[in-house]
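# Reading the structure
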Amino acid sequence: MSKQTALIALLCAFVTGASAQAPVVSRAEAVMFLFQMSQKPLPVVQGGQPIFSDVAAGSMQEQALQAAVENGMIGVNLVTRAVDPDASVSRGEYLRMLAILFSLPANPVHHYTDIPRTASYAQYAGIAERCNLFPLEKNTALKPEDPLLLSEAAGAVYTLFRCYSSLQPQAAATMMPSAAPASASPVPQTLTMRITSVLSPPLLPSPNATEQKKLQIIGLVNQERMAKGLLPLIRNPQLEQAAQAHAKDMYRRGYFSHFNPEGENYIDRIRRTQYLTLPPELCPCQAMFDLSELLNQRSEVSPHYLVTKRSPVCDCNPRFALGENIARGQQTAPIAVEQWMASPSHRQTILQSLFRETGVGVFGDVWVQEFGSLSLE
């Protein structure tokens, strides 16, 4: 994958209790991401004079924002000519952008109780309900004024394409890894990722060589998952910490195994990062059960992953799915993923439907990918 099409995967956790807040989407990012996903052409900006007072002239950002203004997706201050590209986008605003760009039907019936009748996005609320575009705590509360998270932005587009299959664009060369097979799914595999080719350097730095390899692994694995109708995996910093530590340890100590010389496996490594630690606000009665005992209650086990049973240990009822793929000697990410997919057990791990998050470690010629999910059912 070239530097121009390298991807920055989302550093977003599901319910890991990470201290950092999940990243939110700016107006410029939302517009550029949506036009990239739709593959609709951007207008050619003539001349060197800036169109907007707060956007660099001649930039891709300017083109995308101009297209959004022309389509009525966003407004512009007629006095200052400002579009406020760094302002955070709310869930309702993003819903309206989606509806306008993809020409979705207006005024469908919905059952949300928090949609102002005069809001600009009110006429599209039924689309969000019908297609289940956003993960909600309550089916009756869309929370349209909440800032949109990057994971929500990507997930909404992916879900929309599945809800309205006719909207799925043909995969563009700039959206796919150079090694992508001709039979790849027409749904772009980068829906959970930022795309460096459409974001200006001040917003998103170019990844180094190791980072590019990690992003390629995630992109190629998500391509395989989406080709089978599975949700793409979101990058998780704790899983990545475990993966990187294991890749480095195997390379430096000269072994190759899911177990290190001390007998620890991927479950131990992932646990050490606090990935499986349940925040008290999510599960106040977690002291009533032993996590080790829960992990022993397995409903499915393969050579490279385990899925725990639903365990009613109070109202929390936690469930985990954990897994790991390793490889050594491959010179590129496409070769590593190709060989994983050619191995029935590694392929089974990649296509495990319960996984929601991932982290990749690369050190020398060693590749490690951790998989995980945590749910309270």
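Residues numbered from 1 in each chain as written. Predicted model: local features only at pLDDT ≥ 70, side-chain atom pairs only at ≥ 80, totals over all residues. Heavy atoms only, no water.

### Overview of the overall build of the chain
Summing up its helical and strand segments, the chain has eleven helices and eight strands in all. A burial count over the chain gives 52% of its 377 residues as buried. Counting contacts in the chain only where the partners sit at least 6 residues apart, residues at least 24 apart contribute 71% of the total. Of the accessible surface of the chain, which amounts to about 17000 Å², a share of 52% is contributed by carbon and sulfur atoms. (Helix = DSSP H or I, 4+ residues; strand = E, 2+ residues; numbered from the N terminus. Buried < 20%, exposed > 50% of the residue type's maximum accessible area, 1.4 Å probe, protein only. Contact = heavy atoms within 4.5 Å. Areas by Shrake-Rupley, 256 points an atom, 1.4 Å probe, with all protein chains shown as cover.)

### Examining the side chain of Ser345
In this structure, Ser345 sits in helix α11 (residues 344–350). Once residues within four sequence positions are removed from consideration, Ser345 is found in contact with Pro303 and His304.

### Looking at the pairing of strand β5 (residues 305–308)
Taking every second residue as pointing to the same face, both faces of β5 are buried, with Tyr305 and Val307 on one and Leu306 and Thr308 on the other. As paired strands, β5 and strand β6 (residues 318–328) are joined by three bridges and run antiparallel to one another. Paired with Tyr305 across the strands is Gly323, a residue of β6. (Pairing = 2+ DSSP bridges.)

### Description of the environment of Leu215
On the secondary structure map, Leu215 appears in helix α6 (residues 209–227). Separated by 20 residues in the primary sequence, Leu215 and Arg235 have C-alpha atoms spaced 9.3 Å apart.

### Quick notes on the packing of aromatic side chains
Scanning the model with the defined rule gives three aromatic pairs in all. A centroid spacing of 5.7 Å and a plane angle of 85 degrees characterise the contact between Phe102 and Phe161, whose relative ring orientation is edge-to-face. Note that Phe102 is positioned in the loop between α3 (91–101) and α4 (125–131) and Phe161 in helix α5 (residues 150–163), a separation of 59 residues in sequence. Of the two residues examined, Phe102 and Phe161, each falls in the buried class. (Phe/Tyr/Trp six-rings, centres within 6.5 Å; stacked < 30°, edge-to-face > 60°.)

### Digging into the packing of helix α1 (residues 27–38) against α5
Packing of α1 against α5 brings their axes to within 11 Å, and their N-to-C directions diverge by 25 degrees. Overall, the two elements α1 and α5 adopt an arrangement that is roughly parallel. For the pair α1 and α5, the sense of crossing is right-handed. For the pair α1 and α5, contact is made by Phe33, Leu34 and Met37 and by Ala153, Ala154, Val157 and Phe161, respectively. (Axes fitted to C-alpha atoms, helices over the stretch in contact; angles between N-to-C directions. Parallel < 35°, antiparallel > 145°, perpendicular 65-115°, else oblique. Left-handed = near helix turned anticlockwise from the far one by under 90°.)

### Description of the packing of α6 against helix α10 (residues 333–342)
Remark: α6 packs on α10, axes separated minimally by 9 Å, with the N-to-C direction vectors making an angle of 35 degrees. Relative to α10, the crossing made by α6 is right-handed. Contact residues: Lys213, Gln216, Ile217, Leu220, Val221 and Glu224 in α6; Ala333, Pro334, Ala336, Val337, Trp340 and Met341 in α10. The class makeup of the residues in the contact of α6 with α10 is nine nonpolar, one polar and two charged. (Nonpolar A, V, L, I, M, F, W, Y, C, P; charged D, E, K, R; others polar.)

### Description of the state of the cysteines
A full pass over the atoms with the stated rule returns one disulfide. One disulfide bridge connects Cys131 with Cys163, the sulfur atoms lying 2.1 Å from each other. Measuring handedness by torsion sign, the sulfur bridge of Cys131 and Cys163 sits at about -65 degrees and is left-handed. Of this pair, Cys131 sits in helix α4 while Cys163 sits in helix α5; the two residues are 32 residues apart in sequence, bridging distant segments of the chain. A relative accessible area of 7% means that Cys131 is categorised as buried. (Disulfide = S-S within 2.5 Å.)

### Describing helix α7 (residues 237–253)
An α-helical turn contains 3.6 residues, so any two residues separated by three or four positions project in the same direction. Counted at 1.5 Å a residue, the expected span for α7 with its 17 residues is 24 Å, and the 24 Å between its end C-alpha atoms agrees. Listing the buried residues of α7 in full gives Gln238, Leu239, Glu240, Ala242, Ala243, His246, Ala247 and Met250. The opening residue of α7 is Asn236, an N-cap whose side-chain oxygen sits 2.9 Å from the backbone nitrogen of Gln238. Positive backbone phi, at 70 degrees, marks Gly254, one or two positions downstream of α7. (Expected span 1.5 Å × (residues − 1). Polar contact = N/O pair within 3.5 Å; in protein donor to acceptor, adjacent residues only side chain to side chain.)

### What to know about the confidence of the model for the chain
Mean pLDDT over the chain: 76, with 72% of residues reaching 70 or higher. Here residues 1–21 is a poorly scored stretch, pLDDT under 50, and it has 64 contacts once near neighbours within four places are set aside; other chains count. (pLDDT = per-residue confidence, 0-100.)

### Topic: the nonpolar core
Counting 51 residues, the largest nonpolar core has Leu34, Tyr94, Leu98, Leu133 and Phe134 as its most contacted members. At the level of elements, α1, α2 (60–70), α3, α4 and α5 are the ones that each hand at least two residues to this core. Here this core takes eight residues from α1, the largest share from any one element. Excluding residues within four positions of it along the chain, Leu133 makes contact with Leu95, Leu98, Ile127, Ala128, Gly155, Ala156, Thr159 and Leu160. Counting residues in hydrophobic clusters, the runner-up holds 20 residues, among them Ile217, Val221, Ala336 and Val362. (Core = buried A, V, L, I, M, F, W, Y, C linked by side-chain atoms within 4.5 Å.)

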